[in-house]
Amino acid sequence: MTAFAGKRIVLGVSGGIAAYKAVEVCRRLMDGGAHVIPVLTRGATRFVGRTTFDALASEPVRMSLFDEDDPIPHTTLGQTADCVLVAPATARVIGAYAAGISSDLLTATLIATRAPVVICPAMHTEMWEHPAVIDNIAKLAERGVHIVGPESGRLAGGDEGAGRLCSPADIAAAVGRVLDSGGLRADMAGLSVVVTAGGTREPIDPVRYIGNRSSGKQGYAFAEEAADRGADVTIVTTVDRPGPASATVVKVDTAEEMAAATVKAAKQADVVIMAAAVADFRPIDPVGVKLKKRDGVPAIELETTPDILATLGAAKPHGQTLVGFAAETCDVAGNAAAKLRGKGADYIVANDVTAENAGFAYDTNEVLVLASDGRVHPVGLRSKRQVAQAVLDLVVGDRHSQAQSATQVADGTSRADNQENQ
Ligand code: PMT
């Protein structure tokens, strides 16, 4: 039986060229046994005819807030749905939903439902990267809305870039996962996760330090995503910002302090995510009083700091997943691959910090995830929360597959033992 069997899914379709893919999404949900109710915006009908959905879905297309048979169709749809899926979701629908504005049946249903909601954005890159859209998506993700995609690729008019609707297969799979977990993505429940965030500060004197541009946003996005997915989170941070309500926050300043706190917390951790920008060098001998200009330009001798990631990699307990980062300005993949090999991590999240709208302090990021078995996963420009979501999807999926193959090996061994004993 599929996750869709017997489930009522409201399939919202809004007006973009990708609306044609919603037909295939509808077919996949129907094939899986779902009861699909298509809700189209007026714009959607300019791209795809209602007759197509009338013929394919479980019920005829709904478009109006004013139905002769049902005086409150949006509440009926919202209350009876097991899931509301919007594919494609335009910037207008995303904005209205984030702002709580209901201007048509689809946005009214979104606001009227307590069922899990899956939003699959599709739009041109310029729109997807507009700060208003980025804020709206971040707001929805924070409220627990599942954001699927978009991907990078060919767009309408022959353009290329981020903003393409995910494939119908990926959308159907995402809805399946949401339904499987009862609407809550509790796929990290029972896991202990340690995240480092922010940039360390290495004192020169009591008022000056060697620092870097890390804001902690990427680390906090990991902590929030993992906590929302049920993990027990410890965040080791240099940033004065509260973590997720359920998380343990350990505030540190220097690489030395971060090393001590992280190594301690990592002993019991299932997953460690090293998103912090840790200083590689520190002054050997920070002075106790403020350096005076009148004494001339000081010569500051530096030494290397402890390499936390390499320390964790060398002592990694069995079953622990270690995710390192690589902030690079050239040969991103090559340098990240060297860090993956050299530091004993299971994954390196390579961050080209010179890329537009990515890296230090931005709300968005774009990364390349390198796995120790050679797989490479590009994660196109999106909010830092969505980057965290994509990386954790990979980590959780791989941990799941590893656990399954370990069980199969154990089963195989005991079967072989049994046969030998017979
Ligand atoms: O915080 P934001 O403003 O949101 O920005 C996010 C980010 C750019 C800081 C983040 O995405 C990122 O790339 N973090 C890693 C920054 C970094 O220090 O990269 P690195 O290539 O110098 O280090 C490689 C890895 O080793 C990192 O996981 C780092 O945490 C770790 N490291 C480095 C030095 C050291 N002494 N100990 C370490 O553990």
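Parameters at a glance
Residues numbered from 1 in each chain as written. Predicted model: local features only at pLDDT ≥ 70, side-chain atom pairs only at ≥ 80, totals over all residues. Heavy atoms only, no water. Pairing = 2+ DSSP bridges. Helix = DSSP H or I, 4+ residues; strand = E, 2+ residues; numbered from the N terminus. Axes fitted to C-alpha atoms, helices over the stretch in contact; angles between N-to-C directions. Contact = heavy atoms within 4.5 Å. Near = heavy atom within 4 Å. Polar contact = N/O pair within 3.5 Å; in protein donor to acceptor, adjacent residues only side chain to side chain. Nonpolar A, V, L, I, M, F, W, Y, C, P; charged D, E, K, R; others polar. Domains from an automatic or database assignment. Buried area = accessible area lost by both parts, 1.4 Å probe. Salt bridge = Lys/Arg side-chain N within 4 Å of Asp/Glu carboxyl O. Expected span 1.5 Å × (residues − 1). Buried < 20%, exposed > 50% of the residue type's maximum accessible area, 1.4 Å probe, protein only.

Engineer: Even after reading the chapter, I still don't get the sheet that holds strand S8 (residues 192-197), so can you show me in this structure?
Structural biologist: Through backbone hydrogen bonds, the strands of a sheet pair up, either in parallel or in antiparallel fashion. Ordered in space as S12-S11-S8-S13-S16-S17-S18-S19, the 8 strands form an open sheet in which the pairing is mixed. With one partner strand each, in any of the chains shown, strand S12 (248-251) and strand S19 (376-383) form the two edges of the open sheet. The sheet shows a mean angle of 15 degrees between the axes of neighbouring strands, taken without regard to direction. Bridge analysis of strand S16 (residues 321-328) against strand S17 (residues 347-352) gives 6 bridges, and the strand direction is parallel. Bridging from a neighbouring strand, Val-323 pairs with Tyr-347 of S17. The sheet strands contacting helix H10 (residues 255-266) are S8, strand S11 (232-237), S12 and strand S13 (271-274), and the helix crosses S8 at an angle near 165 degrees. Sheet strands in contact with helix H12 (residues 332-343) are S16, S17 and strand S18 (364-371), and its direction is about 145 degrees off that of S16.

Engineer: How should the site of the ligand be read in this particular structure?
Structural biologist: With respect to spatial proximity, 29 residues lie near the ligand, and among them Ser-214, Ser-215, Lys-339, Asn-351 and Ala-361 are the closest. Between the ligand and the protein, one listed contact pairs an oxygen atom with a side-chain N or O atom of Ser-215 at 2.6 Å. Between the ligand and Gln-218, the relevant distance is 2.8 Å, taken from an oxygen atom to a main-chain nitrogen or oxygen of the residue. Split into classes, the residues belonging to the shell around the ligand amount to 14 nonpolar, 9 polar and 6 charged.

Engineer: For this particular structure, what's the right way to read the domain arrangement of the protein?
Structural biologist: By a widespread convention, an interface's size corresponds to the accessible area lost as its parts come together. Segmentation of the protein into domains returns domain 1 (2-181) and domain 2 (192-398). Approximately 850 Å² of surface area, both sides summed, lies buried where domain 1 meets domain 2, with 48% of it carried by carbon and sulfur atoms. Three residues stand out in domain 1 for area buried against domain 2, namely Glu-129, Ile-134 and Ala-141, and they jointly supply 37% of the buried area on that side. Where domain 1 meets domain 2, there are 0 salt bridges. Across the domain 1-domain 2 interface, the total number found is 4 residue pairs in polar contact (both at pLDDT 80 or more).

Engineer: Would you mind going over H10 with me for this structure?
Structural biologist: If you check H10, its first and last C-alpha atoms are 16 Å apart, about what 12 residues at 1.5 Å a residue would give, namely 16 Å. The inward-facing, buried residues of H10 contact S8, strand S9 (202-203), S11, S12, S13 and helix H11 (308-314).

Engineer: What am I meant to see in the pattern of salt bridges here?
Structural biologist: Here the idea is simple: oppositely charged side chains can pair when their charged atoms come close. On inspection of all chains with the given rule, the structure shows 20 salt bridges. Two residues, Glu-225 and Arg-229, come together in a salt bridge whose shortest N-O distance is 2.9 Å. The salt bridge involving Asp-398 is made with Arg-375; its shortest N-O contact spans 2.6 Å. On the criterion of sequence distance, the pair formed by Asp-398 in helix H13 (residues 384-421) and Arg-375 in the loop between S18 and S19 is long-range, its members being 23 residues apart. Look at Asp-398 and you get buried, because its relative accessible area is 12%. Taken together, the salt bridges that share partners define one network made up of Glu-24, Arg-27, Arg-28 and Asp-31.

Engineer: Can you walk me through unusual backbone geometry in this structure?
Structural biologist: Negative phi characterises most residues that are not glycine, and trans characterises most peptide bonds. Note that the residue after Ala-87, namely Pro-88, is joined by a cis bond; omega there is 0 degrees. Tracing the chain through its elements places Pro-88 in strand S3 (residues 83-89). The omega angle of the peptide bond from Gly-149 to Pro-150 is 5 degrees, so this bond is cis rather than trans. Examined against the element boundaries, Pro-150 turns out to sit in the loop between strand S5 (146-147) and strand S6 (151-154). A positive phi angle is found at Asp-331, which is not glycine, with a value near 35 degrees. By relative accessible area, Asp-331 is classed as exposed at 53%. Here the phi dihedral of Ala-361 falls at roughly 75 degrees; this positive angle occurs in a residue that is not glycine. Residue position: Ala-361 is located in the loop between S17 and S18.

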